[in-house]
Amino acid sequence: MKLRLPALALVLVLLLAVLPSGARAAFSDVKPSDWFYQPVTAMEARGALSGYPDGAFRPKGIITRAEFVAVTARMAGLSPAEGQTGHWAVGTLQAALEAGWYDWDEIPPTGETFNDPIPRQLAVKILMKALLPQARGDYNTESAKMADFSSLDGRYYEAVLAAYAVGIVNGDDKGNFNPRSHLSRAEACALFLRAGDESARGQTRPVQPTPVPAPGETVRGGVTENGWLRVEGTQLCSEAGRPLVLRGMSSHGMQWYGPFASPQAIRNTAAFGANVFRVAMYTGEGGYLSQPAAMKAKVIAAVDAAIEADLYVIIDWHILSDGNPRTNQAQAVAFFAEMSKRYAHSPAVLYEICNEPNGAVSWSGDVKPYAQAVVKAIRANSPRSVILIGSPTWSQDIHLAAADPVAGDNLMYTLHFYAGTHGQWLRDRITQAQAQGLPVFVSEWGTSRADGGGGVFPAETKAWLDYLDARGISWCNWSLCDKDESSAALKPGTPATRAWTAADLSESGKLVFGALGG
Ligand code: IDC
């Protein structure tokens, strides 16, 4: 059956066209700091909708009834009905009507409202019927969440209450649902994504993640694929609850080696198989405390570049010479409050709140109270991002944290090692801490001695990587730069401004980059 496509319809088809698989369009009007960046890019990456031929997405444009039903159908796998002609989406609309997603009068098949904006209450009904038909919401509990519940039409109660109950709809800042107002394309993306993820979760829910996965049970992949991280038992998991391993590089100090956290450098690292990047923002050593505005700008640029490369990204408050995190707690609280607000909607961002407490510093007297204060500041903006907490003795004393952990969800504890200095005893400490229920993340390790020099230790490195791999523990290697020291991954003089080949990698870089994708 050949469809006749008038000019307008053709534009709409282009609008909904699927991009070639693997293409990640950078829309000219969708920036990493926009609240809708994640839903829009995730929906586009799933091939459920795309931008305009001019490279724009028009996030504020209004979505029509036909467009909304077409995207929903694509997500639900509903095929168009045969034998329909006229409007570009008429076959799909007919199939949706027959599937009972909406009634005849809500979108008459005669087509006169196909290109009208879709009211929110109808959009939610269609989405719930298509993707979450089993969901139900308790009348009293859910209606109390809507300040304007009385303006909702009775025929939408069931769907809207269910949507509130499963969390795919939240009201506006006044608590209103606004049942008759229209949806922007960005808002529709957020709705589609939440419904799609909730529906996928429903299908995977019976499978409980194992606390420590067996080798081969973990998944890799980037943010688009895995979504919000969550910690189940001791294991980092994807949004759908699958054990996930992040592996990547840490930057060197942003005040010295900022160019190696450029978009090109981060893309290069991703091309070697990394799915995480750590932005090491030294506090002392001429870093943030001496030049806050300049350092913050560098961190933001690096975080945005990592998000654009679909990597998870760790914002690291890199205390080192300032050994006790309490010394600059007020600055840390303010910094993380600002960052967590800025990235509140990005599932890519993790917060590492104190690189390596050291010197005369105690867990329960210093690091733990500091962590409680910073976690509280982050949670005020970002309820579910993963927060990484260090411990005394350069983040080796995880046994102290295991005995007295910080309360809260999605908290992990960092363990740092250097293969030329730390051996079996420190691995045993991880085993013990995990047995006590402590989630561990190796946010920094080196193939060298702990001072960053002394050459590379391949056998010791292999013992460590095998151990981490067997336990599904995530890691970042120190460090991505061309400094003339053993721990640097690139040969001295390697530019950050072009792609890298194996010939650019140092001895350490060869070992580490070889293990990134594996
Ligand atoms: C090292 C750098 C080195 C720099 C030094 C002081 O490799 O070039 O001169 O810091 O700033 C850590 C720290 C990390 C260290 C690294 C190696 O987190 O900042 O980097 N290391 O010494 N903990 C254990 C080892």
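Check the entry above for the structure.
Residues numbered from 1 in each chain as written. Predicted model: local features only at pLDDT ≥ 70, side-chain atom pairs only at ≥ 80, totals over all residues. Heavy atoms only, no water.

Peer 1: Describe the packing of helix α5 (residues 120-131) against helix α7 (residues 157-166), and please don't skip the residues or the numbers.
Peer 2: Where α5 meets α7, the closest approach of the two axes is 9 Å, and the angle between their N-to-C directions is 70°. One element, α5, and the other, α7, form an angle in the roughly perpendicular class. Residues Val124, Lys125 and Met128 of α5 form the contact with α7, whose participating residues are Ala159, Val160, Ala162, Ala163 and Val166. Of the residues belonging to the contact of α5 with α7, the class tally is seven nonpolar, no polar and one charged. (Axes fitted to C-alpha atoms, helices over the stretch in contact; angles between N-to-C directions. Helix = DSSP H or I, 4+ residues; strand = E, 2+ residues; numbered from the N terminus. Parallel < 35°, antiparallel > 145°, perpendicular 65-115°, else oblique. Contact = heavy atoms within 4.5 Å. Nonpolar A, V, L, I, M, F, W, Y, C, P; charged D, E, K, R; others polar.)

Peer 1: I'd like to hear about the pairing of strand β10 (residues 475-480), residue by residue, with values.
Peer 2: The element β10 is extensively covered by neighbouring structure, given that six of its six residues are classed as buried. In this structure, strand β3 (residues 247-251) lies alongside β10, joined through five bridges in parallel fashion. Residue Ser250 lies in a different strand from β10, and its bridge partner there is Trp478. Looking at chain direction, strand β9 (residues 440-446) and β10 are connected through two bridges and run parallel. Its bridge partner lying in β10, Val442 is registered against Trp475. In this region the chain leaves β9, passes through helix α18 (residues 458-470) and returns to the parallel neighbour β10; the handedness of that crossover is right-handed. (Buried < 20%, exposed > 50% of the residue type's maximum accessible area, 1.4 Å probe, protein only. Pairing = 2+ DSSP bridges. Right-handed = clockwise from strand over helix to strand, strands pointing away.)

Peer 1: Outline the pairing of strand β8 (residues 411-418), supporting the account with residue identities and numerical values.
Peer 2: The side chains of a regular strand alternate between both faces of the sheet. Judged by how many residues are buried, β8 sits mostly within the fold: eight of eight residues are covered. Taking every second residue as pointing to the same face, both faces of β8 are buried, with Leu411, Tyr413, Leu415 and Phe417 on one and Met412, Thr414, His416 and Tyr418 on the other. Pairing of strand β7 (residues 387-389) with β8, which is carried by three bridges, proceeds in the parallel orientation. Within the sheet, the bridge partner assigned to Ile387 lies in β8 and is Leu411. Of the crossover connections in this fold, the one passing from β8 over helix α17 (residues 424-435) to the parallel β9 is right-handed.

Peer 1: Outline the pattern of salt bridges, listing residues and values.
Peer 2: Under the definition given, this model contains 22 salt bridges. For the salt bridge of Asp197 with Arg46, the shortest nitrogen-to-oxygen distance reads 3.1 Å. Taken as a pair, Asp197 in helix α8 (residues 185-204) and Arg46 in the loop between α2 (37-45) and α3 (65-76) lie far apart in primary sequence, 151 residues in all. What makes Arg46 partly exposed here is its relative accessible area of 40%. With its nearest N and O atoms 3.2 Å apart, the salt bridge here joins Arg247 to Asp469. Of this pair, Arg247 sits in strand β3 while Asp469 sits in helix α18, and the two are 222 residues apart along the sequence. The partly exposed category is assigned to Asp469, whose relative accessible area is 41%. By sharing partners, the salt bridges in this structure join Asp103, Asp105, Glu106, Lys125 and Arg155 into a single network. (Salt bridge = Lys/Arg side-chain N within 4 Å of Asp/Glu carboxyl O.)

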